[in-house]
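Chain by chain, the residues run as shown.
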Amino acid sequence: MKVTTTSTSTATLAVPYTCRCAFCGATIQGEEKITIEGHAFADGYVTQSQGEMMKLSASLQASANVPFELEYAEKRLEHYRQIVSSGKLKALLETGKKRREDYFQVDPDSPLGKYLLYGPNKTQLQAGNDKTRMTAYPYNWKVFDRKTAVKCPACGKTQPWCESMDGEGAGTKAFFLGCGVCILGLVPFMAGLTLPKELRLLALIPLALWVASSVLIYKALRKKQLARLAALPWNADDLPRFDEDFLAAQKARWQQTKDMGMMP
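One numbering rule holds for all chains: residues counted from 1, following each sequence as written. Side-chain atom pairs in this predicted model are given and counted only at pLDDT of 80 or more, local residue features only at pLDDT of at least 70, and totals for whole chains, interfaces and linings cover all residues. Only hydrogens and water are removed before side-chain values are computed, so all heavy atoms of the structure are retained for them.

(A) Region of interest: the packing of helix α1 (residues 48-85) against helix α7 (residues 244-259). For helices, the fitted line uses only the C-alpha atoms of the stretch in contact; every axis is such a line through C-alpha atoms, and the angle between N-to-C directions lies from 0 to 180 degrees. For the purposes of this entry, the term helix denotes a DSSP run of H or I that reaches at least four residues, the term strand denotes a run of E that reaches at least two, and both are numbered from the N terminus. Between α1 and α7, the shortest axis-to-axis distance is 10 Å and the interhelical angle comes to 150°. Taken together, the axes of α1 and α7 are roughly antiparallel relative to one another. As α1 runs across α7, the sense of the crossing is left-handed. Contact residues: Ser-63, Ala-64, Pro-67, Leu-70 and Glu-74 in α1; Leu-247, Gln-250, Lys-251 and Trp-254 in α7. Tallied by class, the residues present in the contact of α1 with α7 amount to 5 nonpolar, 2 polar and 2 charged. For classification purposes, an angle smaller than 35 degrees is called roughly parallel, one larger than 145 roughly antiparallel, one from 65 to 115 roughly perpendicular, and anything else oblique. The handedness criterion is simple: a crossing whose near helix is rotated anticlockwise from the far helix by less than a right angle is left-handed, and one whose near helix is rotated clockwise is right-handed. Whether two residues are in contact is decided by their heavy atoms, any of which lying within 4.5 Å being enough. Polar here means any residue outside two lists: the nonpolar Ala, Val, Leu, Ile, Met, Phe, Trp, Tyr, Cys and Pro, and the charged Asp, Glu, Lys and Arg; Gly therefore counts as polar.

Set out below in structure tokens:
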């Protein structure tokens, strides 16, 4: 059995941003938290001193990954801004159709693409996640939930760009409502209804009702969801903008550390 020792360093970088409330125009200050990982590996077991060296190496690796993670966050937000400003988001809300060409894509030959695909010292999980991040859903900036959704401190309303654009919620509701229709269709059989041999295929009616009702319910719920979202005030200028001075300071600090030869 092969033994591998792994040391992991994880840091969170809070990038400040400013946006404007889509409803009342008030200024909103927020932070985008970026998690950066660094790893160091060694074959077999290690001594305490070796472990300390691995911790340092993992920390340096995490520092070396900072500019790539910042670049990814910047490009992801800028792509979403373009999706909103170009009317592509509006097209989704009007038609319900996703376009493959709208998806966020990282050029595999760019430094960022090479970092995601071939970056050094990654765990199998991190490597898989980074490969997945090469392509991202285009109609949102990131996934928000009730706890992370941004609300205006002035009017208290949740910002449109925190809304979910997929139909997962509608699909879940349609599934369970379809189950209810199926159960209603089974009631006669549960009450003891017996079909003649030549009509036994009618026993599949509850299943057909489940499938058909689920599809129809999903379409109705999805249409209602998209109509609600389309009615929200969408403006690319309202979207978050990262603090340029903060980004410049972070990049300058990273370059200085690199010039000092402290990067792996």
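(B) Main features of the packing of aromatic side chains. We call Phe, Tyr and Trp rings a pair once their centres come within 6.5 Å, taking the six-membered ring for Trp, and we label the pair stacked below 30 degrees between planes, edge-to-face above 60, and tilted otherwise. Applying the stated criterion across every chain yields a total of 10 aromatic pairs. With centroids separated by 6.5 Å and ring planes inclined at 80°, the aromatic side chains of Tyr-17 and Trp-161 adopt a geometry described as edge-to-face. Here Tyr-17, found in strand β1 (residues 4-20), pairs with Trp-161, found in the loop between β4 (135-136) and α5 (168-190); they are 144 residues apart in sequence, far enough to count as distant. In this structure an aromatic cluster arises from ring pairing among Tyr-17, Trp-141, Phe-144, Trp-161 and Phe-242. Two limits define a charge over a ring: the Lys NZ or Arg CZ must be within 6 Å of the ring centre, and within 35 degrees of the ring normal. For Lys-122, the ring lying beneath its charged end belongs to Tyr-115, and the centroid distance is 4.8 Å. Just above the ring of Tyr-72 sits the side chain of Arg-133; from NZ or CZ to the centre is 4.7 Å.

(C) Summary view of the packing of α1 against helix α3 (residues 111-118). Axis separation between α1 and α3 bottoms out at 10 Å; the angle between their running directions is 115°. Classed by the angle they form, the pair α1 and α3 counts as roughly perpendicular. For the element pair α1 and α3, the recorded crossing hand is left-handed. Counting all contacts with α1, which are made through Asn-65, Phe-68, Glu-69, Glu-71, Tyr-72 and Lys-75, the residues of α3 involved are Pro-111, Leu-112, Tyr-115 and Leu-116. Its residues assigned to classes, the contact of α1 with α3 comprises 6 nonpolar, 1 polar and 3 charged.

(D) The nonpolar core, seen in detail. Ranked by size, the top nonpolar core spans 38 residues in total, and within it Leu-89, Trp-141, Trp-161, Met-165 and Phe-242 carry the most contacts. Sorting the residues of this core by element identifies β1, β2 (27-43), α1, α2 (88-95) and α6 (205-230) as the ones contributing at least two each. By residue number, the principal contributor to this core is α1, which donates 8 residues. Excluding its chain neighbours within four sequence positions, the residues that come into contact with Trp-161 are Tyr-17, Cys-19, Tyr-80, Trp-141, Phe-144, Val-150, Trp-234, Asp-238, Leu-239 and Pro-240. One finds Phe-104, Leu-112, Leu-116 and Ala-136 within the second-largest nonpolar core, a separate group that totals 8 residues. To form a nonpolar core, buried Ala, Val, Leu, Ile, Met, Phe, Trp, Tyr and Cys residues must be joined to one another through side-chain atoms within 4.5 Å. Relative accessibility thresholds used throughout: buried, under 20% of the residue-type maximum; exposed, over 50%; partly exposed, between the two (1.4 Å probe, protein chains only).

(E) The arrangement of the pattern of salt bridges in detail. Salt bridges are counted wherever a side-chain nitrogen of Lys or Arg sits within 4 Å of a carboxyl oxygen of Asp or Glu. Summed over all chains, the structure comprises 15 salt bridges. For Asp-130, the salt bridge is made with Lys-122, and the minimal N-O distance between the two is 2.7 Å. For the pair shown, Asp-130 and Lys-122 are each scored as buried. Of the charged contacts, one joins Asp-130 and Arg-133 as a salt bridge, the two residues approaching to 2.8 Å between their closest N and O atoms. For Arg-133, a relative accessible area of 22% gives the class partly exposed. The structure contains a network of salt bridges with shared partners spanning Glu-69, Lys-122, Asp-130 and Arg-133.

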